[in-house]
Structure formats: structure tokens, C-alpha cells
Amino acid sequence: MLRRIGTGLVVLWVAATAAYLALLAAPGSTVDTIVGDGADTPAIRSQIITEWGLDRPAVLQYLDYLWRAAHGDLGRSYLLQRPVSAIVGEQVWPTLKLALSAAVLGILLALVLALTTRRPWVRRVSSTAELVVVSTPPFLIGIVLLSIFSFRFGLFPVSGDHGAAALVLPAVTLALPIAGVLTQVLRDGLDRALDEPFTVTARARGLRESAVLVRHALRHALLPAVTLLGWLFGVLLGGAVIIEQVFGRPGLGQVTLTAVNSKDMPVVLAVVVLSALVYVVLNTVADLAYLLVDPRLRRS
């Protein structure tokens, strides 16, 4: 656990550093961002530079940011003139709600497909559909779903976050690629598990094939799928930022897009670090879940 915590801290540091360097190399001036459409005089610019410490070397600004972030101070937004923690805190729940809904839907869909597509012809059809959704960009899936179920049939809202109906299409958009990957991994794991000696023993005891599949083979097939879950949830958070724009939903997507376009460095760095933190925590939880899925690992 100490080793995993240390590795997680390194990942957070690398993510924050990469985002800082990318914003530093981006065109545009931070002073112009802060000035905006307001009064623009040399005196005002000098005051802004002094107030935000923009006259210091970039290395010192970077070290100062790391020091404040380590103490929980994410700074103040250049554009909105508000604490970054308040800005992110207001928008993080809609994004997490979308990502969690898509994760649950994708996992359930993958389990159902992996267990029910055992016949050769059904498997071929399912594998083709999985390949299509995995190869298609999520935003394109979202546009297709909007065109069919919102514009043509009017079954779901086109945009916004009012009620459960507004969550359906965005969650399905994110869940389909996740389900496609997990189904393929689970199906391959089931194939390997069904060839193991313990399944032969279970059949010899008179268990039905469905019982062998669910009670014995599935548990062994879950290990590689659990390995992917932490990574897939990181993909969900990144995809949610784009899908929120497609469906006009509130969340970190709009905040991030505005911050990147305006070079609002404190907000961008906060979103990057938050995403990296969620990724690290979920991967650590996935490692601990191995012990629940396979008791043999507790003795190794």
C-alpha cells in the first residue's frame, strides 16, 4: 500500500507538471486573460503582474503552485476571480453522475453480453457490433443517438440536466464503448476458464452448464476485467468532458473548455489533478478487489 501511494503521488506530480508545461507553451498572454474586456492601461497591467506574481520566473511560479496544491490551496481563477475549489466543486457532481451512470450501465451490459453470446453465430454478431462501437468516437455516437431518439422521435431531451431522462443518452453514449471492450475481455476470460480442470470437475459433479458458467468460470474471468476498470473510469472522465459539450450538460466539460481557451491556468491544473487523483484511487481499489475476486492471491 505504501508503494502504491508513492506511485500515485508521482502520477499526480507528472500530470500537474505536464498540464503546467502545456499551458506555459500555449500562445496568448495571462495578463490579457485577466484584463479581459475591462480597462487596459500600463498601470493596470503592472498591478496585475504584481498581484499574481507573474513577474517571477516560471520555475518559481510552478514550485509555488505545487506547494499550495500540496496544502489544498488550488488558487484563484484568473477569469472568474473566484477560488478554484469552489468552481470545480460546483461542477464536479454532474460529471461524476454521468461517469458513474455510464460505468454501471457499461459493466452490466458487458456481463449480460459475455454470458449470453456463447453460441457461435450470436458471438460473431456481437463481436462485430462491439468492434464498431469501440472504433467509433464517442461524440459521433452521441450525435447519432441525438438524431434518432431526440430530434426524430422526441423521446429524450436534446440538452440540459433536468431529470433522469436527460441522463439516458449521454450515459449510453459513454457506456457503449466501455461495454464493447469489457465484453471482449470477459468473453476471452470465460473461454479460458471453461477449459480449466476445475470446470471439468464441476461438470462431472452434475452441475448444469449455466451454473458452471456463472458460479465458477465467471469469477476467474473477472480478474482481467477488474484490471481494466480503473483505466476505463479514467477514460469515462475524459470522455465526459466532451460528451457534456455534445449534450449541453453542466459539469467540468464547460469549465475546462472555457479555462483552456482563456488560459486560466489554476482551473485547468485543478481539473487535471482531480482527474489524475480519481484515476489513481480507482486503480488502487481495483488492485485490492483482486483479493476479493481470487482468494488465492491473499496467500501469495
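For clarity, every value in this text was computed on a predicted model and none was experimentally measured.

## What to know about the packing of helix α1 (residues 2–25) against helix α4 (residues 58–70)
- At a minimum axis separation of 12 Å, α1 and α4 run at an interaxial angle of 145 degrees. For the pair α1 and α4, the crossing hand works out as right-handed. Mapping the contact onto sequence places Trp13, Ala16, Thr17, Tyr20 and Leu24 in α1 and Ala58, Gln61, Tyr62, Tyr65 and Leu66 in α4.
- Of the residues belonging to the contact of α1 with α4, the class tally is eight nonpolar, two polar and no charged.

## Some remarks on the UniProt feature "domain: ABC transmembrane type-1" (unreviewed entry) in the protein chain
- The sites that UniProt annotates as "domain: ABC transmembrane type-1" (unreviewed entry) are residues 92–286.
- Note that residues 92–286 is 84% helix and 0% strand, and that its end C-alpha atoms are spaced 22 Å apart.

## Points about the nonpolar core
- Formed by 34 residues in total, the largest nonpolar core has its most connected members in Leu98, Leu174, Leu182, Leu190, Phe233 and Leu236.
- For this core, the secondary-structure elements that each account for two or more residues are α5 (84–116), α7 (138–152), α8 (165–194) and α10 (209–246).
- With twelve residues, α10 is the largest single contributor of residues to this core.
- Setting aside chain neighbours within four positions, we find Leu174 in contact with Leu98, Ala102, Leu236, Gly239, Ala240 and Ile243.

Rules used in this analysis
Residues numbered from 1 in each chain as written. Predicted model: local features only at pLDDT ≥ 70, side-chain atom pairs only at ≥ 80, totals over all residues. Heavy atoms only, no water. Axes fitted to C-alpha atoms, helices over the stretch in contact; angles between N-to-C directions. Helix = DSSP H or I, 4+ residues; strand = E, 2+ residues; numbered from the N terminus. Left-handed = near helix turned anticlockwise from the far one by under 90°. Contact = heavy atoms within 4.5 Å. Nonpolar A, V, L, I, M, F, W, Y, C, P; charged D, E, K, R; others polar. UniProt positions renumbered as here; feature names shortened; annotations may be inferred. Core = buried A, V, L, I, M, F, W, Y, C linked by side-chain atoms within 4.5 Å. Buried < 20%, exposed > 50% of the residue type's maximum accessible area, 1.4 Å probe, protein only.

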